Amino acid sequence: MIVKDLQKGMFKLESKKNVVVEVIEGLWKNEDYARYTEAYEKKMATDVKKMGKWAKLCDMRNYKMSSVVDEVSKHVKWCAENGLQESVCVVSSSIVKMQMSRTAKDTSSRQDVIKTHYVETMEEAEAYLKQKGYL
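About the cut-offs
- Residues numbered from 1 in each chain as written.
- Predicted model: local features only at pLDDT ≥ 70, side-chain atom pairs only at ≥ 80, totals over all residues.
- Heavy atoms only, no water.
- Helix = DSSP H or I, 4+ residues; strand = E, 2+ residues; numbered from the N terminus.
- Buried < 20%, exposed > 50% of the residue type's maximum accessible area, 1.4 Å probe, protein only.
- Contact = heavy atoms within 4.5 Å.
- Areas by Shrake-Rupley, 256 points an atom, 1.4 Å probe, with all protein chains shown as cover.
- Bend = angle between axes of the 7 residues up to and from the residue.
- Pairing = 2+ DSSP bridges.
- Right-handed = clockwise from strand over helix to strand, strands pointing away.
- Axes fitted to C-alpha atoms, helices over the stretch in contact; angles between N-to-C directions.

Q: Please clarify how the overall build of the chain should be interpreted in this entry.
A: Tallying secondary structure elements over the chain gives four helices and six strands in all. Along the chain direction, N to C, the helices and strands of the chain fall in the order β-β-β-α-β-α-β-α-β-α. By the burial criterion, 47% of the 135 residues in the chain qualify as buried. Sequence separation of at least 24 residues holds for 74% of the intrachain contacts in the chain that already meet a minimum separation of 6. Total accessible area on the chain is roughly 7300 Å²; 48% of this is exposed by carbon and sulfur atoms.

This is the structure we're talking about:
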């Protein structure tokens, strides 16, 4: 299944085997993140539940630092509750990497909710997921 952000084109989600591939772009506001989480919870939920244990490959090379950390943390928790085991983020900015590493932690315990691996290319991300048995 492929789900696109028809309103602003800020994300594309695609389920493949036991991986959801995301392309995330732009500077996000809370309403943008709300569309993204709604796409997961209403459109991708069936595919995610069929996967059982799954991983996320997130291409964030065109993402801009945004003030949606709390929203991301809630979404990561939802994903983990629905089988997400780990995430691979393709990032070109150390600032984005720092922001994303904060969102993968539980806000009360500061423990990682899911394991997140950061790489600079899609090839590295795909190789990592293949090595882990996802692709």
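Q: I'm lost on helix α1 (residues 30–51) in this one. Help?
A: Think of an α-helix as turning once every 3.6 residues; residues three or four places apart then point the same way. Residue M44 marks the point of greatest curvature in α1, where the axis turns by about 70 degrees. By the burial criterion, the buried members of α1 are D32, Y33, R35, Y36, T37, A39, Y40, M44, A45, D47, V48 and M51. Buried residues belonging to α1 abut β1 (2–4), β2 (11–16), β3 (19–27), β4 (54–64) and α2 (69–81). Downstream of α1 by a residue or two, G52 has a phi angle that is positive, lying close to 75 degrees.

Q: Just checking my understanding: could you explain the pairing of strand β5 (residues 84–90) for this structure?
A: Successive residues of a regular strand alternate their side chains across the two faces of the sheet. Along β5, six of the seven residues are buried, which leaves the element largely enclosed by surrounding structure. Bridging between β4 and β5 involves six bridges; their strand directions are parallel. Paired with K56 across the bridge in β5 is S87. The handedness of the β4 to β5 crossover, carried by α2, is right-handed. Examined bridge by bridge, β5 and strand β6 (residues 115–119) share five bridges and lie parallel to one another. For V90, the partnering residue across the bridge sits in β6 and is V119.

Q: Please explain the sheet that holds β6 as it appears in this structure.
A: The strands that make up a sheet pair up through hydrogen bonds in the backbone, lying either parallel or antiparallel. Taken together, the six strands give an open sheet; going across it, the order is β1-β2-β3-β4-β5-β6, and neighbouring strands pair in mixed fashion. Both edges of this open sheet fall to β1 and β6, since each of them pairs with a single strand only. Strand-to-strand, the axes of this sheet are offset by a mean angle of 15 degrees, without reference to chain direction. Strand contacts of helix α4 (residues 122–131): β3, β4, β5 and β6, with the helix running at about 170 degrees to β4, the strand carrying the most contacts.

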